[in-house]
Amino acid sequence: MPDPALRQAHVATAAQMLQVEAASKRLLTLTVEGAAARARSPEEAASTVRRTIPQVVVATRTTARRAGSQAMSREFAAIRRSPLGANVPPLFFGAEDVTQEDHDAAREIANNYADDVLARAGKEKSTAARIIAALTFRIDAIAATETAQQFNRQRARNEQNLRGQYLGTAWLPLLVKQWDATLDRRVCRVCAARHGKLRPIGLDWDGQSPGMTHVGCRCQSHYFASVLFAGREFAA
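Residues numbered from 1 in each chain as written. Predicted model: local features only at pLDDT ≥ 70, side-chain atom pairs only at ≥ 80, totals over all residues. Heavy atoms only, no water.

Caption draft 1: Region of the structure containing helix H3 (residues 100-123). The terminal C-alpha atoms of H3 lie 35 Å apart, and with 24 residues this matches the ideal 34 Å at 1.5 Å per residue to within 8%. Looking only at H3, the buried set comprises Asp-102, Ala-105, Ala-106, Ile-109, Ala-110, Tyr-113, Ala-114, Val-117 and Ala-121. Elements that come into contact with the buried residues of H3 comprise helix H1 (4-38), helix H2 (42-80), helix H4 (128-134) and helix H5 (136-166). (Helix = DSSP H or I, 4+ residues; strand = E, 2+ residues; numbered from the N terminus. Expected span 1.5 Å × (residues − 1). Buried < 20%, exposed > 50% of the residue type's maximum accessible area, 1.4 Å probe, protein only. Contact = heavy atoms within 4.5 Å.)

What follows is the structure, encoded as structure tokens:
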């Protein structure tokens, strides 16, 4: 079991991801509500969000990656203070830069949302504000999915970099991660079954990873030191 300092770091990691998600949701909500308030029709609102949502999505991705690395650095600092982590060197993790792929994905998300606005406008005679209000669940899904995927994907990339740089060291096999799911009525069967399962750092769970299992996945992984996998060989 992790010591109190590491458990505290794990709690901070979970809180940090939720903070990024909440901030993303606020910005997205302000963006679409602002578009609706200024628009004279749902079509005009849809045109506006096609231009404005991508900026928020890219910002969310950037913030989530930085937060994922910050949380990872904090957890590894706590590991170094534990008996099994005494030989782990100081490790600090950065975040990947925004790429064209990020911009393309953000535009696709915006276009899908705008298409939903237009689809509703075609089925019902309503104001842009009411249609936007009815699509609140879509904003929640975008914020949750983008945050969790980028937060966890950055951590997975950091793990791969660690394996590439430190494979063969005595301390690397002592670093493990644990799947942490939110066990409430919304949790899916896959994530519930993975909860608490351990893997060596840098390896996934049979092709699945926390935060990337499905749209709206809220899972994440936490790190600690253990002798569980020491001396065992794993295929990357």
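Caption draft 2: Highlighting unusual backbone geometry. For Asp-206, which is not a glycine, the phi torsion comes out positive at approximately 50 degrees. By the element assignment, Asp-206 lies in the loop between strand E2 (198-200) and strand E3 (220-225).

Caption draft 3: Geometry of the packing of aromatic side chains. Tallied over the full model, the rule gives four aromatic pairs. Ring centres of Phe-76 and Tyr-223 lie 5.3 Å apart, and the angle between their planes is 55 degrees; this geometry places the pair in the tilted category. Of this pair, Phe-76 sits in helix H2 while Tyr-223 sits in strand E3, and the two are 147 residues apart along the sequence. The exposure class assigned to Phe-76 is buried, which follows from its relative accessible area of 1%. Between Trp-179 and Trp-205, the ring centres sit 5.1 Å apart and the planes meet at 85 degrees, which makes this aromatic pair edge-to-face. In this pair, Trp-179 is assigned in strand E1 (residues 175-180) and Trp-205 in the loop between E2 and E3, connecting sequence segments 26 residues apart. On the basis of relative accessibility, which here comes to 0%, the residue Trp-179 falls in the buried class. (Phe/Tyr/Trp six-rings, centres within 6.5 Å; stacked < 30°, edge-to-face > 60°.)

Caption draft 4: Representation of the layout of surface pockets within the structure. Roughly 400 Å³ of volume is contained in the largest pocket. As for the largest pocket, its lining consists of 23 residues, and the residues nearest its centre are Thr-182, Arg-186, Gly-216, Cys-217 and Arg-218. In terms of residue count, H1 provides more of the lining of the largest pocket than any other element does, five residues in total. Across the lining of the largest pocket, the residue classes tally to 13 nonpolar, four polar and six charged. (1 Å grid on protein atoms, 1.4 Å probe; cavity = no way out; pocket = protein on both sides within 12 Å on 5 of 7 lines; lining within 4 Å. Points joined across faces, edges and corners; volume = space filled by probe spheres on them. Nonpolar A, V, L, I, M, F, W, Y, C, P; charged D, E, K, R; others polar.)

Caption draft 5: Layout of the nonpolar core. Counting residues in hydrophobic clusters, the biggest one holds 26 residues, and the most contacted among them are Leu-28, Val-32, Val-49, Ile-53, Tyr-113 and Val-117. Setting aside its immediate chain neighbours within four residues, Val-117 contacts Pro-42, Ala-46, Ile-131, Ile-132 and Leu-135. (Core = buried A, V, L, I, M, F, W, Y, C linked by side-chain atoms within 4.5 Å.)

Caption draft 6: View of the sheet that holds E3. Taken in spatial order, the three strands make up an open sheet running E2-E1-E3, and their pairing is antiparallel. In this open sheet, the two edge strands, each paired with only one partner strand, are E2 and E3. Neighbouring strand axes in the sheet, compared pairwise and without regard to direction, differ in orientation by 35 degrees on average. Of the pairings in the sheet, the one linking E1 to E2 comprises three bridges and is antiparallel in character. The residue of E2 that forms the bridge with Val-176 is Pro-200. Sheet strands touched by H2: E1 and E3. Its angle to E3, the strand with the most contacts, is close to 20 degrees. (Pairing = 2+ DSSP bridges. Axes fitted to C-alpha atoms, helices over the stretch in contact; angles between N-to-C directions.)

By themselves these figures say nothing about function.
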